[in-house]
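# Observations on the three-dimensional arrangement
Residue strings, one per chain:
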Amino acid sequence: MALIAVLWIVAAMAILVAGMGQSVRQQIRVVASARDAVVAQAQADAAIQLTLQALQTAPQPPTAMQAHGVEFGGVPVQVIIQPLNGFIDIDRAPAPLLAALLEVAGGLPAGQAETLAQTLVDWRGSRPDGAGGPYHFEAVEDLLLVPGIDYALLERLRPLITTDEAGQTGIDTTALDSRFLATGSTGRYRLEARVPAGEGRIEAFSRTVALGENPSGVPWRTLRTERRLQSADAP
């Protein structure tokens, strides 16, 4: 009986030690992932700041989407610069342009795209809570409030839309396939830096800025920042 009791105690201790080891390994992975995320964000922020400085000294402001290579801390980072007039303003775009967006970029059938576009226009015309007055999309994620728009559709539309009052409101569907509608210069840009995060993932950090619109004297004003995780083979 004493031998059996000792064996049970040894087995219990072995299970306890194994459980503690697994817990420690999980905590190490969590800490490492958090560390990598902080490093990636620092690299992306630095790359975006350096790109903004380059924009300030450029002889001509970008009038179309372009890539700008930056190296920080020995890590090459590509920053995508997109003028906001190359996006569709979901707060002001008319129903025909929204229908083209939903059909071409969203992949919806023409009839469904037209119906959903009209739903968006109606949604903007009055507050959903019935308080009256127009509704304003504060961020592109607010589209998820509209019936008929899910996460998958939002992600297909995201590279083409804005809520920062500098996007396209005219009807020009010919450029939708090129993922942007840049037709001139603008003082507002979206800059996105993509940094490898390991395990086939990419940390994408974006900052929407207005150049020369900061009364405090800083050369630019940040309108919004975003962060998302995507697979390495995503566009």
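First things first, this report covers the structure right here in the doc. (Residues numbered from 1 in each chain as written. Predicted model: local features only at pLDDT ≥ 70, side-chain atom pairs only at ≥ 80, totals over all residues. Heavy atoms only, no water.)

### Focus: the overall build of the protein
Applied cut-off: Helix and strand assignments follow DSSP, with helices taken as H or I runs no shorter than four residues and strands as E runs no shorter than two, numbered in order from the N terminus. Burial status follows relative accessibility: with a 1.4 Å probe on protein chains alone, a residue under 20% of its type maximum counts as buried, one over 50% as exposed, and anything between as partly exposed. Residues are treated as being in contact if the distance between any of their heavy atoms lies within 4.5 Å. Accessible areas in this description were obtained via Shrake-Rupley with a 1.4 Å probe; residue shielding takes into account the shown protein chains only.
Along the backbone of the protein there are 4 helices and 7 strands. When the elements of the protein are put in sequence order from the N terminus, they spell out α-β-β-β-α-α-α-β-β-β-β. Burial analysis of the protein (235 residues in total) assigns 37% to the buried set. Excluding contacts between residues fewer than 6 apart, the proportion of contacts in the protein whose partners are at least 24 apart in sequence is 59%. Per element, the accessible surface of the protein, about 12,900 Å² overall, is 59% carbon and sulfur.

### Concerning the packing of helix H2 (residues 95-104) against helix H3 (residues 110-125)
This is how it is decided: For helices, the fitted line uses only the C-alpha atoms of the stretch in contact; every axis is such a line through C-alpha atoms, and the angle between N-to-C directions lies from 0 to 180 degrees. In these notes the angle categories are as follows: under 35 degrees is roughly parallel, over 145 is roughly antiparallel, 65 to 115 is roughly perpendicular, and the rest is oblique. Rotating anticlockwise by less than a right angle from the far helix to the near helix defines a left-handed crossing, while the corresponding clockwise rotation defines a right-handed one. In the scheme used here, Gly and all other residues not listed as nonpolar or charged are polar, with Ala, Val, Leu, Ile, Met, Phe, Trp, Tyr, Cys and Pro taken as nonpolar and Asp, Glu, Lys and Arg as charged.
The interhelical angle for the contact between H2 and H3, taken along N-to-C directions, is 130°, at an axis separation of 8 Å. Viewed along their axes, H2 and H3 adopt a mutual orientation that is oblique. Judged by the sense of rotation from one axis to the other, the crossing of H2 with H3 is right-handed. Together, Ala 95, Leu 98, Ala 99, Leu 102 and Glu 103 of H2 and Ala 110, Ala 113, Glu 114, Leu 116, Ala 117, Gln 118, Leu 120, Val 121 and Arg 124 of H3 make up the contact between the two elements. Each residue belonging to the contact of H2 with H3 can be placed in one class, and the counts come to 10 nonpolar, 1 polar and 3 charged.

### Digging into a nonpolar patch on the surface
So the rule is basically this: Patches were defined on residues exceeding 30% relative accessible area and lacking a salt bridge, with like-charge contacts within 9 Å and nonpolar side-chain contacts (Val, Leu, Ile, Met, Phe, Trp, Tyr) within 5 Å. One speaks of a salt bridge when a side-chain nitrogen belonging to Lys or Arg is within 4 Å of a carboxyl oxygen belonging to Asp or Glu.
Residues Met 1, Ile 4 and Trp 8 make up a contiguous nonpolar surface patch of roughly 460 Å² in combined accessible area. As for its placement among the helices and strands, Trp 8 is situated in helix H1 (residues 2-57). Taking relative accessible area as the criterion, Trp 8 reaches 65% and is therefore assigned exposed.

### Topic: H2
An α-helical turn contains 3.6 residues, so a residue and the one three or four places further along point in the same direction. For H2, the tally of buried residues reaches 7 of 10 residues, placing the bulk of the element in the interior. Of the positions making up H2, those classed as buried are Ala 95, Leu 97, Leu 98, Ala 99, Ala 100, Leu 101 and Leu 102.

### Description of the nonpolar core
The cut-off we apply is this: By nonpolar core is meant a set of buried Ala, Val, Leu, Ile, Met, Phe, Trp, Tyr and Cys residues that side-chain atoms within 4.5 Å join together.
In this structure, Leu 102, Leu 120, Phe 137, Leu 143, Ile 149, Leu 153 and Ile 161 are the most contacted members of the largest nonpolar core, which totals 25 residues. If you list the elements that add at least two residues to this core, you get H2, H3 and helix H4 (151-157). If we ignore the near neighbours within four places in the chain, the residues touching Leu 120 are Leu 98, Leu 102, Phe 137, Leu 143, Val 146 and Ile 149. With 17 residues, the next largest nonpolar core counts Ala 47, Val 70, Val 77 and Val 209 among its residues.

### Description of the pattern of salt bridges
Per the counting criterion, the structure on display carries 6 salt bridges. Of the charged contacts, one joins Glu 226 and Arg 158 as a salt bridge, the two residues approaching to 3.3 Å between their closest N and O atoms. Taken together, the positions of Glu 226 in strand E7 (residues 220-231) and Arg 158 in the loop between H4 and strand E4 (161-162) put the pair 68 residues apart, joining distant regions of the chain. Among the residues examined, Glu 226 registers a relative accessible area of 23% and is labelled partly exposed. Among the ionic contacts, a cluster of salt bridges with common partners joins Glu 141, Glu 155, Arg 158 and Glu 226.

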